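Close look at the chain arrangement
What follows is each chain in one-letter form.
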Amino acid sequence: MSITPAWFFRASVIYALIAMALGIHMAASGNHEQLPTHAHINLVGWVTIFLYGAFLKMHPASNGRLSTLLWLLANAGVILMAIGIYIVYAGNPESGEPFAIAGSILTILAMAVFAVIVYRARD
């Protein structure tokens, strides 16, 4: 199984839809407590993962084991971080922080893997 740039694009649009739905829910309810969750899903899920895919699409020789690791780390990071932030802002910081921390660590590891991919890429 090979992770292609399309996998990144597909995941990113799912995050965009989730973030939009959360934004609409907040607007309709008048309760904006989950604004940090909405923002993180948008930026880390939709934008960052889409940009990973765009880079890999522009540099097809960079697709391989590292791009598969990137996909796994990035998606696990977004999911855990979003769950954690949601729980924290729902009023349960002691329950949500471990998820947010784990997700944040995976997210920065994903960016470190991406940095290796970028620096190894040939123009």
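Taken as a whole and assessed by the stated rule, the structure comprises 6 aromatic pairs. Ring geometry for W7 against W71: centres 5.3 Å apart, planes inclined by 80°, an arrangement best described as edge-to-face. Pair noted here: W7 is in helix α1 (residues 5–29) and W71 is in helix α3 (residues 65–89), with a separation of 64 residues, a long-range link. Owing to a relative accessible area of 27%, W7 belongs among the partly exposed residues under this scheme. Looking at W71, the relative accessible area reads 19%, which means it is buried. Geometrically, the ring pair formed by Y52 and F114 is tilted, given 4.6 Å between the ring centres and 45° between the ring planes. Pair noted here: Y52 is in helix α2 (residues 35–58) and F114 is in helix α4 (residues 93–120), with a separation of 62 residues, a long-range link. Aromatic rings pair up to connect F8, Y52, F55 and F114 into one cluster.

Here the focus is α4. Here α4 spans 40 Å end to end across 28 residues, near enough to the 40 Å set by a 1.5 Å rise per residue. Of the residues making up α4, those classed as buried are G96, A100, G103, T107, A110, V113, F114 and I117. The inward-facing, buried residues of α4 abut α2 and α3.

In a regular helix each residue adds 1.5 Å, so 24 residues correspond to 34 Å; α2 covers 33 Å between its end C-alpha atoms and thus fits that length. All of the buried residues along α2 are T37, H38, I41, V44, G45, T48, I49, Y52, G53, F55 and L56. Turning to α2, the residues buried within the fold contact α1, α3 and α4.

So, about the nonpolar core. In terms of nonpolar packing, the biggest core is built from 25 residues, with F8, Y15, I49, Y52, L70, A110 and I117 touching the most fellow members. Secondary-structure elements contributing two or more residues to this core are α1, α2, α3 and α4. Among all residues touching I117, those that are not within four sequence positions of it are F55, L56, S62, L66, S67 and L70.

On to the packing of α2 against α3, then. Relative orientation and spacing of two packed helices are given, respectively, by the angle between their axes and the distance between those axes. Between α2 and α3, whose axes approach to 9 Å, the crossing angle comes to 175°. One element, α2, and the other, α3, form an angle in the roughly antiparallel class. Residues P36, T37, H40, I41, V44, G45, I49, Y52 and L56 of α2 pack against S67, L70, A74, N75, V78, M81, A82, I85, Y86 and Y89 of α3. Of the residues assigned to the contact of α2 with α3, the class counts are 14 nonpolar, 5 polar and no charged.

Reading the values: the criteria
Residues numbered from 1 in each chain as written. Predicted model: local features only at pLDDT ≥ 70, side-chain atom pairs only at ≥ 80, totals over all residues. Heavy atoms only, no water. Phe/Tyr/Trp six-rings, centres within 6.5 Å; stacked < 30°, edge-to-face > 60°. Helix = DSSP H or I, 4+ residues; strand = E, 2+ residues; numbered from the N terminus. Buried < 20%, exposed > 50% of the residue type's maximum accessible area, 1.4 Å probe, protein only. Expected span 1.5 Å × (residues − 1). Contact = heavy atoms within 4.5 Å. Core = buried A, V, L, I, M, F, W, Y, C linked by side-chain atoms within 4.5 Å. Axes fitted to C-alpha atoms, helices over the stretch in contact; angles between N-to-C directions. Parallel < 35°, antiparallel > 145°, perpendicular 65-115°, else oblique. Nonpolar A, V, L, I, M, F, W, Y, C, P; charged D, E, K, R; others polar.

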